[in-house]
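Coordinates in review
Here is what each chain is made of, one letter per residue.
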Amino acid sequence: MNKTKLTLKDVAEQLGVSTATISNAFNRPDQLSKAKREEILARCQKIGYSGPNKAAQILRKGTSNIVALVLADSISYMVSDPVASTFIKGVSSALQESNKHLLLYAGDSDSILDVVDFVDGFICYGQPRNSNLVKELAALTKPVVTVDFDLEKKPSINIDNEEAAYRVAHHALNEGDSIAILGLRLIDSPSTCRIYDSPLIDVESSIAHRRLDGYLKAAEEKNVNVSNDRIWHLPESDRHFARQAAKEVLMSSPRPNVVLCMSDIIALELLHMALEMGIKVPQELKITGFDGIEEAERARPSLTTVCQSSSEKGVQATKALLENLEAKTTLPFELRTGETV
């Protein structure tokens, strides 16, 4: 088998036609009769030629019809997360309607510069774990839209995370309550732990810290004290980390009677463990979540949580990118009052 890559000139010589005829068959079908084009394509297929170099075409034309979706973390983790996967579906459906293609790019990659020449723009979902990617995105001249975090002078799609967290906490709390908070990526640690006096990371751009601000604001209004040893950091919204945190919270002394969770995945693991331990919910323990995934509504008791449309976020982010919108958009959220409060 000949493994040497065929050039346009090679193919033209083998078929006994001009390079322009080959190029037209692949790129400008209106320049050839239907019969001639089909003949050329069939003969190209027979000798193993699939068309002109796509990378060269992209560099020459300056467009690829490909949009890169930069995820906050590894692709394997993000596609398994129900919130992230719903967002990806929203982006994918909107791109498909516009005859565009999607490239998934991991947020723990070394650099986006490897693909920058081959995509028309970037949607960044969540702050990438590799902070170098944030700097690269901020410096790009190609369109960039961020979701669930902000870059200066770049359009973004968010909800008001501080207000949403405030409202769900205000609904759950009463004066005299003992509370704990199960947070996400609050400090620089790969393990589940209490934050104690550890410095908080990425305070200005992190949605986790906006949610923490909302919880603390509601607690202050209800005269409820929250010390740092009652705030847990989870590195990911993952059932393993959530179960570990839930066990620590439920075994702590004194055990809190309200736990505010920064995702439904975390809240559901806490709920399941509490019920396994015979703790009555909500009589002995109130639990709130965040996101509004389907599993939270199906749980018994159903979870009190903040609902946001991840799919609509994806659609709006795609629209902002394709239409070169410049605004920072805040989408609505809804407080779902379930049976855990």
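These figures come from a predicted structure and were not determined experimentally. (Residues numbered from 1 in each chain as written. Predicted model: local features only at pLDDT ≥ 70, side-chain atom pairs only at ≥ 80, totals over all residues. Heavy atoms only, no water.)

1. Let's talk about the sheet that holds strand E1 (residues 66–71)
Going by this rule: Only when DSSP finds a minimum of two bridges between them are two strands counted as paired. Helix and strand assignments come from DSSP, with helices taken as H or I runs of at least 4 residues and strands as E runs of at least 2, each series counted from the N terminus. Think of each axis as a best-fit line through the C-alpha atoms, taken over the contacting stretch in the case of a helix, with angles from 0 to 180 degrees between the N-to-C directions. The criterion used for residue contact is that any of the two residues' heavy atoms lie within 4.5 Å.
Taken in spatial order, the 6 strands make up an open sheet running E2-E1-E3-E4-E5-E12, and their pairing is parallel. On the outer flanks of this sheet lie strand E2 (101–105) and strand E12 (328–331), each paired with one strand and no other. In this sheet, neighbouring strand axes are inclined to one another by 20° on average, regardless of whether the strands run parallel or antiparallel. The pairing of E1 with E2 spans 5 bridges and is classified as parallel. Among the inter-strand pairings, Ile66 is bridged to a residue of E2, identified as His101. Across the face of the sheet, helix H6 (residues 82–97) comes into contact with E1, E2, strand E3 (121–125) and strand E4 (144–147) while running at roughly 150° to E2.

2. Thoughts on the packing of H6 against helix H13 (residues 310–322)
Put simply, the rule is: An angle below 35 degrees is treated as roughly parallel, one above 145 as roughly antiparallel, one from 65 to 115 as roughly perpendicular, and anything else as oblique. Handedness of a crossing is defined here by the sense of rotation of the near helix relative to the far one, left-handed for an anticlockwise turn of less than a right angle and right-handed for a clockwise turn.
At their nearest, the axes of H6 and H13 sit 7 Å apart, and the two run at 40° to each other. In terms of axis orientation, H6 runs oblique to H13. As for how H6 packs across H13, the hand of that crossing is right-handed. Contacts from Val83, Thr86, Phe87, Gly90, Val91, Ser93, Ala94 and Leu95 in H6 reach Ser310, Ser311, Lys313, Gly314, Val315, Ala317, Thr318 and Leu322 in H13.

3. Structural notes on the nonpolar core
Selection criterion: Nonpolar core, defined: a set of buried Ala, Val, Leu, Ile, Met, Phe, Trp, Tyr and Cys residues in which side-chain atoms within 4.5 Å join the residues together. When a residue's accessible area, from a 1.4 Å probe over protein chains only, is under 20% of the maximum for its type it is buried; when over 50% it is exposed; and in between it is partly exposed.
Among the nonpolar cores identified, the biggest contains 77 residues, and Ile123, Tyr125, Leu182, Tyr215, Leu234 and Ile287 are the most heavily contacted of them. Broken down by element, this core gets its largest block of residues, 8 residues, from helix H11 (residues 264–276). Discounting residues that sit within four places of it in the chain, Ile123 has contacts with Val67, Ala68, Leu69, Val70, Phe87, Val91, Val145, Val147, Ala317, Thr318 and Leu321.

4. As for the packing of aromatic side chains
Basically, it comes down to this: Side-chain rings of Phe, Tyr and Trp (the six-membered ring for Trp) are treated as a pair once their centres are within 6.5 Å; stacked means planes under 30 degrees apart, edge-to-face means over 60, and tilted covers the remaining angles. In our convention, an over-ring charge means Lys NZ or Arg CZ found within 6 Å of a ring centre and within 35 degrees of that ring's normal.
All told, the structure shown has 2 aromatic pairs when counted by the stated rule. Taking the centre distance of 5.7 Å and the plane angle of 90° together, the rings of Phe26 and Tyr49 count as edge-to-face. Note that Phe26 is positioned in helix H2 (residues 19–27) and Tyr49 in the loop between helix H3 (34–47) and helix H4 (54–61), a separation of 23 residues in sequence. A relative accessible area of 8% places Tyr49 in the buried class. Ring plane angle 10° and centroid distance 4.0 Å describe the contact between Phe87 and Tyr125, whose orientation is recorded as stacked. Note that Phe87 is positioned in helix H6 and Tyr125 in strand E3, a separation of 38 residues in sequence. The same class applies to Phe87 as to Tyr125, namely buried. A cation over a ring is seen here: Arg211 above Phe290, with NZ or CZ 3.7 Å from the ring centre. A cation over an aromatic ring shows up here: Lys217 above the ring of Tyr166, its NZ or CZ 4.8 Å from the ring centre.

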